[in-house]
Structure formats: C-alpha cells, structure tokens
Amino acid sequence: MGLLLLVSSLLPWDHVISTSDDQMSNEELYNKLISISHRTHIVARKMYKILTEDLLKVIINVSNAWRYPLKLLTPAVLTHLGSYDGMLARAVEVNYGSEAILQGAKVLLSRVQPGFEENVYPDWPELKQLRSSNEDTHLSAFHTLFYCLHKDIQKVKRYLRILRGR
C-alpha cells in the first residue's frame, strides 16, 4: 500500500520540466537562490554545531582520561624525580592545568549540549611502573607517560584553538 502511495505521488511530476536558470526571470532566480542559500546555511550551521560538540567531547574525554594518572604523577615525581630541577612544580602545574581545561570544556559543552555524560576510564596498569624501585623501569614509565601527555595536551590545544576561532 505504501509503495502505491509513493508511486502515485510521483505521477503528477511526470510531465513537469524544470526551468533552467537562464530561462527564469531575475526575480524567480533571486528567490530560488535565496531559498537554496537559506537551506544551505541551516545545514551548515547544524554541521558546525555537531563538530563543535564533538571537539569539546574529545577534549573532555582526553582530559578525563588523564585525571587518575596525573593524581599519581605528583607523588611519583616526588619519590623518584625529586632531584630533577623543578620537576615537582611542573607535575603540580600540569595536574592543575589539565583539571582547569576539563572543567572549562565541561562548561562550554553544557552551553551547547546539556546533559552530556562523561566516559569513565579504567585504571592504567602501566602506572604501577612509576612506583618501581628499578630506576630503568620507572624512568621508562615516566618517559612514556610524559610523551603521551605531551601529545594529548597538544591535541587538546589544537582543538581549543579551532573552537576559539569559530
């Protein structure tokens, strides 16, 4: 039955020939173009909003994933890297900055999309290596952690700049 209705609704269009742009009057062409541009604008705005929400979600998820590792970072740095110049202050600053980014991104997303649910991340088993008494093991773990943190914060910064530019 539905197919019959669909086909019957197409029948009146059998003998309709679309008018090409060069055969339309100026007023008809302006009206057509305004209508198309309005619809295109609405679709582009929806695409922009979706991308904005997605970038904010990535920022929140990346920042959230670092919450637990950064909580462990300060005591681990104090225990194993306390002698390195300014390392403890840097660990505290990174933890503070990551938390501030997370909270700010949550505020921005709540303005665009209320009711967003955050992902919950499991513990990282590799973090136990930070506490290792073996210097090679914990230095390797710190190196890996700092590299990953650097890359993730770089991604967050890039996305924030994109969003700010909008």
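All values derive from a computational prediction rather than experimental measurement.

Engineer: Account for the overall build of the protein chain, with residues named and values stated.
Structural biologist: Assigned secondary structure in the protein chain consists of 5 helices and 0 strands. Scanning the protein chain from its N terminus toward the C terminus, one meets helices and strands in the order α-α-α-α-α. Split into buried and exposed, the 166 residues of the protein chain put 23% on the buried side. Sequence separation of 24 or more characterises 78% of the internal contacts of the protein chain that already satisfy a separation of 6 or more. Only carbon and sulfur atoms are counted for the fraction: they give 59% of the accessible area of the protein chain, which is about 12,200 Å².

Engineer: Talk me through helix α4 (residues 87-112); I want residue IDs and the actual numbers.
Structural biologist: If you check α4, its first and last C-alpha atoms are 37 Å apart, about what 26 residues at 1.5 Å a residue would give, namely 38 Å. Listed in full, the buried residues belonging to α4 are Met 87, Ala 91, Ser 98, Leu 102, Ala 105 and Leu 109. For α4, the secondary structure elements touched by its buried residues are α2 (26-65), α3 (67-80) and α5 (135-165).

Engineer: Give me a nonpolar patch on the surface: which residues, what numbers.
Structural biologist: Together, Leu 78, Leu 88 and Val 92 make up a nonpolar patch on the protein surface, roughly 250 Å² of accessible area in all. Tracing the backbone through its elements, the reader meets Leu 78 in helix α3.

Engineer: Could you give an account of α2, with specific residues and numbers?
Structural biologist: For an α-helix, 3.6 residues make a turn, and residues three or four places apart therefore share a direction. Taking 1.5 Å per residue, 40 residues should reach 58 Å; α2 reaches 58 Å between its end C-alpha atoms and fits that length. Listing the buried residues of α2 in full gives Ile 42, Thr 52, Glu 53, Leu 55, Leu 56, Ile 59, Ile 60, Asn 61, Val 62, Ser 63, Asn 64 and Ala 65.

Engineer: Describe in detail the confidence of the model for the protein chain, supporting the description with residues and values.
Structural biologist: Counting all residues, the mean pLDDT for the protein chain is 80, and 86% of those residues have values of 70 or more. For the protein chain, helix α1 (residues 2-10) is the element with the lowest average pLDDT, namely 46, and α4 is the one with the highest, namely 88. Below pLDDT 50 for its whole length, residues 1-7 participates in 0 contacts with residues either more than four positions away or in separate chains.

About the criteria used
Residues numbered from 1 in each chain as written. Predicted model: local features only at pLDDT ≥ 70, side-chain atom pairs only at ≥ 80, totals over all residues. Heavy atoms only, no water. Helix = DSSP H or I, 4+ residues; strand = E, 2+ residues; numbered from the N terminus. Buried < 20%, exposed > 50% of the residue type's maximum accessible area, 1.4 Å probe, protein only. Contact = heavy atoms within 4.5 Å. Areas by Shrake-Rupley, 256 points an atom, 1.4 Å probe, with all protein chains shown as cover. Expected span 1.5 Å × (residues − 1). Patch = residues over 30% accessible without salt bridge, like charges linked within 9 Å, V, L, I, M, F, W, Y side chains within 5 Å. Salt bridge = Lys/Arg side-chain N within 4 Å of Asp/Glu carboxyl O. pLDDT = per-residue confidence, 0-100.

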